[in-house]
Amino acid sequence: MMLRENAVAIFELLAIDPTPLGAHPFGGIPNAYELSIAGLLVLYTVEAQTVSIWRIRVDT
């Protein structure tokens, strides 16, 4: 359950601040970021009013 709760918290964070401290540009793709937080690695893109999450995986 903890990972699910962490994922929801990350989604809420990205809705408020799409490039929080710790987010890094990803792969030279415009507006793409990776964020490793709360035991998860999240890959996503940011557009004017949208955050699109590509992948979530357990960060080992």
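Not measured: the values here are computed from a predicted model. (Residues numbered from 1 in each chain as written. Predicted model: local features only at pLDDT ≥ 70, side-chain atom pairs only at ≥ 80, totals over all residues. Heavy atoms only, no water.)

Visitor: Got a minute to help me understand unusual backbone geometry in this structure?
Guide: Outside of glycine, negative phi angles account for most residues, and trans bonds account for most peptide bonds. One non-glycine residue with positive phi stands out, namely Asn-31, at about 65°. Along the chain, Asn-31 turns up in the loop between β1 (24-25) and β2 (32-37). When its relative accessible area of 40% is taken as the criterion, Asn-31 is described as partly exposed. (Helix = DSSP H or I, 4+ residues; strand = E, 2+ residues; numbered from the N terminus. Buried < 20%, exposed > 50% of the residue type's maximum accessible area, 1.4 Å probe, protein only.)

Visitor: Is there a simple way to explain the sheet that holds strand β4 (residues 51-58) in this structure?
Guide: In sheet architecture, strand pairing relies on hydrogen bonds along the backbone and comes in two forms, parallel and antiparallel. The four strands are arranged β1-β2-β3-β4 in an open sheet whose pairing can be described as antiparallel. The open sheet terminates on both sides in strands that have one partner only, identified here as β1 and β4. Here β2 pairs with strand β3 (residues 40-46) via six bridges, running antiparallel. Considered in β3, the bridge of Glu-34 is made with Leu-43. Across the sheet, helix α1 (residues 2-16) is in contact with β2, β3 and β4; its angle to β3 comes to roughly 25°. (Pairing = 2+ DSSP bridges. Contact = heavy atoms within 4.5 Å. Axes fitted to C-alpha atoms, helices over the stretch in contact; angles between N-to-C directions.)

Visitor: What is the right way to look at the packing of aromatic side chains in this model?
Guide: Aromatic rings in a pair are described by how distant their centres are and how their planes are angled relative to each other. Summed over all chains, the structure comprises two aromatic pairs. Here Phe-26 and Trp-54 contribute two aromatic rings whose centre-to-centre distance is 6.0 Å and whose plane-to-plane angle is 75°, an arrangement assigned as edge-to-face. One end of the pair, Phe-26, is in the loop between β1 and β2; the other, Trp-54, is in strand β4, with 28 residues separating them in the sequence. Where Tyr-33 meets Tyr-44, the ring centres are 5.8 Å apart and the plane angle is 25°; that geometry is what we call stacked. Placement of the pair is Tyr-33 in strand β2 and Tyr-44 in strand β3, with a sequence separation of eleven residues. (Phe/Tyr/Trp six-rings, centres within 6.5 Å; stacked < 30°, edge-to-face > 60°.)

Visitor: I would appreciate a short explanation of the confidence of the model for the protein in the present structure.
Guide: Low pLDDT marks stretches whose predicted atomic positions should not be read closely. When pLDDT is averaged along the protein, the result is 90, and 97% of the positions lie at 70 or above. Ranking the helices and strands of the protein by mean pLDDT puts β1 first, with 96, and α1 last, with 88. (pLDDT = per-residue confidence, 0-100.)

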